[in-house]
Amino acid sequence: MLLFVNANVFGQAAAGNEKYDQKQYVDAVNAFEKIPPAGRDAGILNRLGISYHLLKQFKAAENAYRAAVSKDPKNTDAPNNLAALYYSQQRFSDAERQIRRAIEKSPDNAVMRLNLRAARYARENAKSARDAANAILNDNPVLIEKRDGDLLQVQILMPRKDLEEATLHERRGDSFFARKIYEEAIVEYGKAVALDRYNASVLNRLGLVYHQSQKLAEAERYYREALKQNPYFIEVLNNLGTVEYVRKNYDRALEQYERALKIRPESPTILLNMGACLFDMKRYDEAFKATQRALEIDPRVLDRTSGFGTLIQTSRRNDPTVSFYFAKIYAARGEKELAISYLNRALDEGFREYDKIKSEPAFVALAQEEGFIKIMERITAEATSR
């Protein structure tokens, strides 16, 4: 009997998933509903909710989404889709609150970022959003732009002309940014945010081009505006940290990095920046651990400088102890030439704790290297001459 029940559940789930993939939502509902409640996991419940949702059966959709959340609190698809359901009902404040809960758990999700942007615009411009919604109800009664796998992306209710023009300026800004023509990028991004101030991604990029132009006050202004639009935009938290780092406000920089790491604990970029900050605060052991962890996650993180999202701090104060710690990091990773290079740099910068070099376990692997032998000879000569 148990085998029969399990086979039946599997068969109905497979049938429902097939109809769901084919966008045959009536048939998908019929198949999913035949699965006993105990046999429905969060994924099935979410798909059942989407099927009801796109059939405009809102109450049944809400029940399914809430059951999915209850079944698996870590699932973020269903909370996003519940926000989209409120949006379909033109409950824009409820939609914004719900999508904020979802994006807190999945801060990098592109669909959720777009949904937060749309919900914030609709909530703050409710009358014009409802007018736009009513104008498209015949063509799009649920206000859904698309289904992306198991996520629903809502249609932004900004005037189409403004949205298209803002997108055009954004793309032009990206082109100038990629070619490092920062003044022109600033102009284009500025035009984009004048039309759509809810686009946190463009606000962040506008901050970045000001940052690259060494205009820190303007950079900070737009980073903070981006964070206002999306409090879980970890790239922005990182970039605010780099502003404070450049200003040598290390405590404030560290605060931003810690906020970002609470959202994404395994970010190599943020860990690397935190390490640089801690090094300059003379908290060497903590800095060493953060930098080492960043390289464990992404061995190439030091090869990058910046992109359209986050900045990596490339400047470093001349500190012989920092060079010593980097030598340890690279020696432990088997990158012998870099380790020897940083040891020489440490000595050039005035590192005189020779016993630490001699006793460091990470440097045992360097013992037969010509460069390390020369370092030991240099240490002996310098010690003798003192």
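Summarised in this report is the structure supplied together with it. Here the structure is a predicted model, which is why all the values come from computation and not from measurement.

**Some details on the packing of helix α3 (residues 42-54) against helix α5 (residues 77-88)**
Two quantities define a packed helix pair, namely the angle between the helix axes and the distance between the axes.
Here's step 1: With their axes 10 Å apart at the nearest point, α3 and α5 run at an angle of 15° to one another. By the angle between their directions, the pair α3 and α5 is classed as roughly parallel. When the axes of α3 and α5 are compared, the crossing they make is left-handed. Contacts between α3 and α5 involve Asn 46, Ile 50 and His 53 from the former and Asp 77, Ala 78, Asn 81, Ala 84, Leu 85 and Ser 88 from the latter.

**Side note on the pattern of salt bridges**
Here's step 1: Enumeration according to the criterion identifies 36 salt bridges in this entry.
Here's step 2: The partner of Arg 247 in a salt bridge is Glu 244, with the nearest N and O atoms 4.0 Å apart.
Here's step 3: The exposure class assigned to Arg 247 is partly exposed, which follows from its relative accessible area of 32%.
Here's step 4: A residue is classified by how much of its surface remains accessible, and Glu 244, at 6% relative accessible area, is buried.
Here's step 5: Between Glu 382 and Arg 378 there is a salt bridge, and its shortest N-O distance comes to 3.0 Å. Pair noted here: Glu 382 and Arg 378 are both in helix α20 (residues 370-385), with a separation of four residues, about one helical turn.

**A few points about the packing of helix α2 (residues 25-33) against α3**
Here's step 1: Packing of α2 against α3 brings their axes to within 9 Å, and their N-to-C directions diverge by 140°. Like other packed secondary-structure pairs, α2 and α3 cross with a definite hand, here left-handed. Counted together, Tyr 25, Ala 28, Val 29, Phe 32 and Glu 33 of α2 and Ile 44, Arg 47, Leu 48, Ser 51, Tyr 52 and Leu 54 of α3 form the full contact between these two elements.
Here's step 2: Here the residues of the contact of α2 with α3 sort into eight nonpolar, one polar and two charged.

**Quick look at the pairing of strand β2 (residues 151-154)**
Here's step 1: Neither face of β2 is left uncovered, since the one carrying Leu 151 and Gln 153 and the one carrying Leu 152 and Val 154 both have all their residues buried.
Here's step 2: Direction of pairing for strand β1 (residues 144-148) relative to β2: antiparallel, over a ladder of four bridges. Bridge pairing in β2 links Lys 146 to Gln 153.
Here's step 3: A loop of two residues connects β1 with β2, the two strands running antiparallel in sequence, and Gly 149 in this loop sits at a positive phi of about 65°.

**A word on the environment of Ala 31**
Here's step 1: Inspection of the secondary structure puts Ala 31 in helix α2.
Here's step 2: The class for Ala 31 is buried, based on a relative accessible area of 8%.
Here's step 3: Once the C-alpha coordinates of Ala 31 and Ala 15 are considered, the two residues, 16 residues apart in sequence, prove to be 6.2 Å apart.
Here's step 4: Not counting chain neighbours up to four residues away, the residues in contact with Ala 31 comprise Gln 12, Ala 15 and Gly 16.

Reading guide: rules and limits
- Residues numbered from 1 in each chain as written.
- Predicted model: local features only at pLDDT ≥ 70, side-chain atom pairs only at ≥ 80, totals over all residues.
- Heavy atoms only, no water.
- Axes fitted to C-alpha atoms, helices over the stretch in contact; angles between N-to-C directions.
- Helix = DSSP H or I, 4+ residues; strand = E, 2+ residues; numbered from the N terminus.
- Parallel < 35°, antiparallel > 145°, perpendicular 65-115°, else oblique.
- Left-handed = near helix turned anticlockwise from the far one by under 90°.
- Contact = heavy atoms within 4.5 Å.
- Salt bridge = Lys/Arg side-chain N within 4 Å of Asp/Glu carboxyl O.
- Buried < 20%, exposed > 50% of the residue type's maximum accessible area, 1.4 Å probe, protein only.
- Nonpolar A, V, L, I, M, F, W, Y, C, P; charged D, E, K, R; others polar.
- Pairing = 2+ DSSP bridges.

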